[in-house]
Amino acid sequence: MIDRRAFLTLTALAALAGCGSKFKTYRGPEVTRVVVMKGQRMMYLLHHDQVLKAYPISLGYAPAGPKQVEGDGKTPEGRYHIDRRNPDSRYHLSVGISYPNEADIETAKALGMEPGGDIFIHGRAKENRRRTDDWTAGCIAVSDREMEDIYAMVRDGTVIDIFP
């Protein structure tokens, strides 16, 4: 009886400990593509042509046009891939975008500048939690709860298309 009671208590405690985790589990259809529509400030997670989730987004502080150089405040445009994950991000959680590609590097080089990097989809830092305007240095921001879903659903290697 004591062993059974101890087992039930430990099981309940373990279940409660998992409730507050920022790491979720996703068992639905594979996300085969992420589409970002900068002008609409929307991001879509797709399974082939089916929209699984849609999220309002914030972009770089100077969002019009493609990112060309480090520090321009623009969010890239084009086809990239999700290439890394950061569970300890300053912005809750984040997944990396494979910017810059070879064309981005050449564009920046032609301007005598560096292309920059470290472009992510991420949550909001505490000081930006309520912001809905464009405030990032070129990243794509969503709420922390939305980022938890994205982090669970999107795998490394997933295509991300970013449109004007």
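Residues numbered from 1 in each chain as written. Predicted model: local features only at pLDDT ≥ 70, side-chain atom pairs only at ≥ 80, totals over all residues. Heavy atoms only, no water.

A.B. asks: If you had to explain the environment of K109 to someone new, which residues and values would you point to?
C.D. replies: Inspection of the secondary structure puts K109 in helix α2 (residues 102-110). Residues K109 and V69, spaced 40 residues apart in sequence, show a C-alpha to C-alpha distance of 8.8 Å. (Helix = DSSP H or I, 4+ residues; strand = E, 2+ residues; numbered from the N terminus.)

A.B. asks: Could you give an account of the packing of aromatic side chains, with specific residues and numbers?
C.D. replies: Per the stated rule, a full pass over the model turns up 3 aromatic pairs. Residue placement shows R85 over the ring face of Y151; its charged tip is 4.4 Å from the ring centre. (Phe/Tyr/Trp six-rings, centres within 6.5 Å; stacked < 30°, edge-to-face > 60°. Lys NZ or Arg CZ within 6 Å of the ring centre and 35° of its normal.)

A.B. asks: Residue-level account of the pairing of strand β2 (residues 42-47), with values.
C.D. replies: In this structure, strand β1 (residues 33-37) lies alongside β2, joined through 5 bridges in antiparallel fashion. In the strand pairing of β2, V36 is matched with M43. Once β1 ends, the chain turns through 4 residues before running back antiparallel as β2, passing R41 with a positive phi of about 55 degrees. In textbook terms, the turn of a hairpin is the stretch between consecutive antiparallel strands, and for β2 and strand β3 (residues 50-56) this stretch comprises 2 residues, one of which, H48, has a positive phi near 55 degrees. (Pairing = 2+ DSSP bridges.)

A.B. asks: So what about the side chain of T136? Which residues, and what values?
C.D. replies: By the element assignment, T136 lies in the loop between β6 (120-122) and β7 (140-141). You can call T136 buried: its relative accessible area is 3%. Here the side chain of T136 touches C139 through a polar contact of 2.8 Å, landing on its backbone oxygen. Setting aside residues no more than four positions away along its own chain, T136 makes contact with L59, G60, Y61, H122 and A141. (Buried < 20%, exposed > 50% of the residue type's maximum accessible area, 1.4 Å probe, protein only. Polar contact = N/O pair within 3.5 Å; in protein donor to acceptor, adjacent residues only side chain to side chain. Contact = heavy atoms within 4.5 Å.)

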